[in-house]
Amino acid sequence: MAQSKFTLSRWMEGNGPELGTVISSRVRVARNIEGLPFPYLASAEQNRTVLEKVIAAAGQEAFRDFTWKTMEELQPLEKQVLVEKHLISPFLAREADHGAVLLRRDEAISVMVNEEDHLRIQAIMPGLQLEEAWMEADRYDDLLEAGINYAFDEHCGYLTACPTNFGTGLRASVMLHLPALIMTKQINRILSALSQVGLTARGLYGEGTDIIGNLVQVSNQITLGQSEEEILRNLGSITRQIIEHEQNARQALLNENRAQIADRAWRALGLLKYAQMMNSQEAMQLISDVRLGFDLGLIKGVNHKILNELLVIIRPATLQYLAGKELSGVERDLERPKQIRKRLNQFKESA
Amino acid sequence: MLCQECGKEEATVYISKIINGQKSELHLCKRCAREREELDFTFQPQFSLHNLFGTLLNESMRGSREALRAAKLQCPDCGLTFAQFSQIGRLGCSNCYGAFQEKLIPLLRRIHGSTRHGGKVPRRSQSSVRLKRELERLKEEMQQRVRSEEFEEAARLRDQIRKLEQELHGGGV
Ligand SMILES: [Zn+2]
Ligand SMILES: [Zn+2]
């Protein structure tokens, strides 16, 4: 396996509104083709038909910036890299029969075929851009519909394999970086209030009770009854409230513990630059510390683009992909700081 | 046993998942198990669908022959039975909805708090769905007018409703 080139997805590029707290906004819609069973129940022959139909529907001029990748032709590591960049689901990579993805060149749009539903159209954008992401997903949904008869019921909306997606088939989410709310232990109160407004929050918990990398994903729970615009407006306005709480908490930290926060950020940057072994959980925490320092104007030598890229390249598959070979866990811990260092040093040159 | 992901370290974590009714097993080393969980921000519903189905089924099971009948409901198109659906949590095809409608509607209400789609409509069904939504709105308005004894306005709405109904059933849309 040769050393491979890693492309940045649009969401990593570090331009967009509210980048200080919102890493990315993602929207996906689930669609199915009338008259064919859902992928898990369908025969291989039927799944192949689904793929052929979508390929035909995407044969238009509007899709000239897209490329097809079938799960069959991709190496396991290549698939996992797409998962780690949030472009396809783990399910598509690991379990799908006749699974494929249609990917726009800037990697902002991906159309998954034969996932849990026949089609999953996803748009992922940097920062807080829910409406923009929806407009993109909506546009490609219309384009594909021109060549596909979607399963739709006037009462229940778009019909999906799982009843939790009925109606709009829309799942929208924001990936938030909330270090100050987590540090000051206000996070649980805020997150537990979300379920009352039809949203769910997900953080990654490590061995302790800390949320790894201070990252929390908030998404809509309800897909039936509300319109797409209502769903997005609700998620957007709650997100803005969370951002405000986070900014207030950051300001309070800055007023009371400015030196400590700056010290923590510089130390984190030092470790990212000079450590020789690092597991991904530690790396996530350090990246978060640096990010907070950068967003508070306490630290230089990084930007959002690099910090986003680091979030992906420290993950196991991308790390091995970049190294050009398979690595054991210990080997990955050795490779991780090398790749991080390479990125941080590149920044120095270009700045 | 070696880790099935990296193939290099001793597997100490055992993961068993049931996907689409099929059990899959995975033996991983501690590190791979942890990394697998990290940042896998997929859109999984937070609550367990299986529990929800379980509760709903149990509720309707209470001493009933009716529940047994429901479990035997079967989709004529893909052959999935309601009992299978309750276990798997996934429908088999777009016609399952019609076959399991009476059982699905309370479930949808429970999940979404609604059973009525209010969003986007495929272009192909747009004109008829738009007409139907407009009809519903007019009928509601007419009821209100009747209640507030604005009969003239109600009569005007009634005529409008008739016209739309003719349009809807007379084809051409
Ligand atoms: Zn392993
Ligand atoms: Zn069916």
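Residues numbered from 1 in each chain as written. Chains lettered and ligands numbered in written order. Predicted model: local features only at pLDDT ≥ 70, side-chain atom pairs only at ≥ 80, totals over all residues. Heavy atoms only, no water.

(A) View of the overall build of chain B. When its secondary structure is counted, chain B shows seven helices and two strands. Listing each helix as α and each strand as β along chain B from the N terminus yields β-β-α-α-α-α-α-α-α. About 10400 Å² of surface is accessible on chain B, with carbon and sulfur atoms providing 48% of the total. (Helix = DSSP H or I, 4+ residues; strand = E, 2+ residues; numbered from the N terminus. Areas by Shrake-Rupley, 256 points an atom, 1.4 Å probe, with all protein chains shown as cover.)

(B) Just the overall build of chain A, in detail. Of regular secondary structure, chain A possesses 11 helices and 10 strands. At 21 Å, chain A has a C-alpha radius of gyration in line with the 20 Å of a compact globule built from 351 residues. Principal axes of the C-alpha set define a box for chain A whose edges measure 65 × 50 × 35 Å. Partitioning the intrachain contacts of chain A with sequence separation of at least 6 by distance along the chain shows that 71% fall at a separation of at least 24. Side chains of chain A carry 39 positive and 45 negative charges; the gap between the two charge centres is 8 Å. (Rg over C-alpha atoms; globule rule 2.2 N^0.38 Å. Contact = heavy atoms within 4.5 Å. Lys, Arg positive; Asp, Glu negative; His and termini not counted. Charge placed at Lys NZ, Arg CZ, Asp CG, Glu CD.)

(C) Molecular detail of the coordination of the zinc ion (ligand 2). Protein coordination of the zinc ion (ligand 2) is provided by B:C75 (SG), B:C78 (SG), B:C93 (SG) and B:C96 (SG), with donor distances spanning 2.3 to 2.4 Å. If you look at the zinc ion (ligand 2), its four donor atoms make angles of 96 to 124 degrees with each other, and the shape they trace is tetrahedral. (Donors = N, O, S within 2.8 Å, 3.2 Å for Na, K, Ca; no water. Tetrahedral: all angles 85-135°; square planar, octahedral: opposite > 155°, others 65-115°.)

(D) Representation of the confidence of the model for chain B in the model. Residue and element names in this part refer to chain B. Counting all residues, the mean pLDDT for chain B is 76, and 70% of those residues have values of 70 or more. pLDDT under 50 marks residues 17–23. Its contacts with residues more than four places away, or in other chains, come to 15 contacts. Low pLDDT, under 50, characterises residues 38–48; the stretch is placed with 41 contacts to residues that sit more than four places away or in other chains. The complex prediction reports pTM at 0.83, with the ipTM value standing at 0.86. (pLDDT = per-residue confidence, 0-100.)

(E) Molecular detail of helix α7 (residues 228–274) of chain A. With 47 residues, α7(A) should reach 69 Å at 1.5 Å per residue; the first-to-last C-alpha distance of 47 Å falls well below that figure. Within α7(A), the axis deviates most sharply at A:N257, by approximately 105 degrees. (Expected span 1.5 Å × (residues − 1). Bend = angle between axes of the 7 residues up to and from the residue.)

(F) The interface of chain B and chain A, seen in detail. Opposite the 55 residues of chain B that make contact, chain A presents 78 residues. In total, about 5800 Å² of surface goes out of reach between chain B and chain A, with carbon and sulfur atoms giving 56% of it. In this structure, the connection of chain B to chain A is made through five salt bridges. The tally of links between chain B and chain A comes to 18 residue pairs in polar contact (both at pLDDT 80 or more). Looking at the side of chain B that touches chain A element by element, the count peaks at seven residues for helix α1 (residues 30–37) of chain B. (Buried area = accessible area lost by both parts, 1.4 Å probe. Salt bridge = Lys/Arg side-chain N within 4 Å of Asp/Glu carboxyl O. Polar contact = N/O pair within 3.5 Å; in protein donor to acceptor, adjacent residues only side chain to side chain.)

(G) Layout of the packing of helix α2 (residues 76–84) of chain A against helix α10 (residues 316–323) of chain A. Residues and elements named next belong to chain A. Two numbers describe how α2 lies on α10: the axes approach to 8 Å, and their chain directions differ by 130 degrees. Relative to α10, the element α2 is oriented oblique. For the element pair α2 and α10, the recorded crossing hand is left-handed. Along the contact surface, α2 presents L77, E78, Q80, V81 and E84, while α10 presents P316, A317, T318, Q320 and Y321. (Axes fitted to C-alpha atoms, helices over the stretch in contact; angles between N-to-C directions. Parallel < 35°, antiparallel > 145°, perpendicular 65-115°, else oblique. Left-handed = near helix turned anticlockwise from the far one by under 90°.)

(H) Representation of the environment of A:G329 in the model. Of note, A:G329 is situated in helix α11 (residues 329–350). With a relative accessible area of 0%, A:G329 lands in the buried category. Those residues within four positions of A:G329 in sequence are excluded, and the remaining contacts are B:E9 and B:R31. (Buried < 20%, exposed > 50% of the residue type's maximum accessible area, 1.4 Å probe, protein only.)

(I) Region of the structure containing unusual backbone geometry. Residue and element names in this part refer to chain A. In this structure, H98 is a non-glycine residue whose phi angle is positive, near 55 degrees. Relative to the assigned elements, H98 resides in the loop between α3 (90–94) and β3 (100–104). According to the relative accessible area criterion, H98 is partly exposed, its value standing at 28%.

(J) Expanded view of a nonpolar patch on the surface. A contiguous nonpolar patch, built from A:M277, A:V330 and A:L334 and spanning about 240 Å² of accessible area, is present on the exposed surface. Within the secondary structure, A:V330 is located in helix α11. (Patch = residues over 30% accessible without salt bridge, like charges linked within 9 Å, V, L, I, M, F, W, Y side chains within 5 Å.)

(K) Spotlight on the pairing of strand β5 (residues 119–126) of chain A. Residue and element names in this part refer to chain A. By the criterion of burial, β5 is predominantly enclosed, with eight of the eight residues buried. Side-chain alternation along β5 places L119, I121, A123 and M125 on one buried face and R120, Q122, I124 and P126 on a second face that is also buried. For strand β1 (residues 22–31) and β5, the ladder comprises eight bridges, and the chain directions are antiparallel. Looking at the pairing, S25 lines up with M125 of β5. Note that strand β4 (residues 109–113) and β5 share five bridges and pair antiparallel. Residue M112 lies in a different strand from β5, and its bridge partner there is R120. The antiparallel pairing of β4 with β5 creates a hairpin that spans five residues between the two strands, and N114 there sits at a positive phi of about 60 degrees. (Pairing = 2+ DSSP bridges.)

(L) The arrangement of the side chain of A:T239 in detail. Summarising the element assignment, A:T239 is placed in helix α7. Every residue in contact with A:T239, bar those within four places of it in the chain, is listed here: A:V22, A:L128, A:V174 and A:L176.

(M) Just the packing of aromatic side chains, in detail. Under the defined criterion, the tally for this structure stands at nine aromatic pairs over all chains. Pairing B:F82 with B:F85 gives two aromatic rings, centres 5.5 Å apart and planes at 50 degrees, and the pair type is tilted. Remark: B:F85 and B:F82 occur in helix α4 (residues 82–88); sequence separation between them is three residues, near one turn of the helix. In terms of burial, B:F82 and B:F85 fall into one category: buried. Taken together, the ring pairs connect A:F63, A:F66 and A:Y140 into an aromatic cluster. Its guanidinium or amino end placed over the ring of A:F6, A:K85 lies 4.8 Å from that ring's centre, counting from NZ or CZ. (Phe/Tyr/Trp six-rings, centres within 6.5 Å; stacked < 30°, edge-to-face > 60°. Lys NZ or Arg CZ within 6 Å of the ring centre and 35° of its normal.)

(N) Geometry of the nonpolar core. Residues and elements named next belong to chain A. Core analysis: the biggest nonpolar cluster contains 66 residues, and V27, L144, V218 and I242 have the highest contact counts within it. Per-element tally for this core: the top contributor is α7, with 11 residues. In this view, I242 contacts L176, L178, L181, I190, L194 and V218; residues no more than four positions away in its chain are not counted. Counting 47 residues, the second-largest nonpolar core is a separate cluster that includes L215, A283, I287 and I340. (Core = buried A, V, L, I, M, F, W, Y, C linked by side-chain atoms within 4.5 Å.)

(O) The arrangement of the environment of A:A30 in detail. All names here are of chain A. Residue position: A30 is located in strand β1. The class for A30 is buried, based on a relative accessible area of 0%. Apart from residues no more than four positions distant in its own chain, A30 is found in contact with D117, L119, R120, Y158, T160 and G169.

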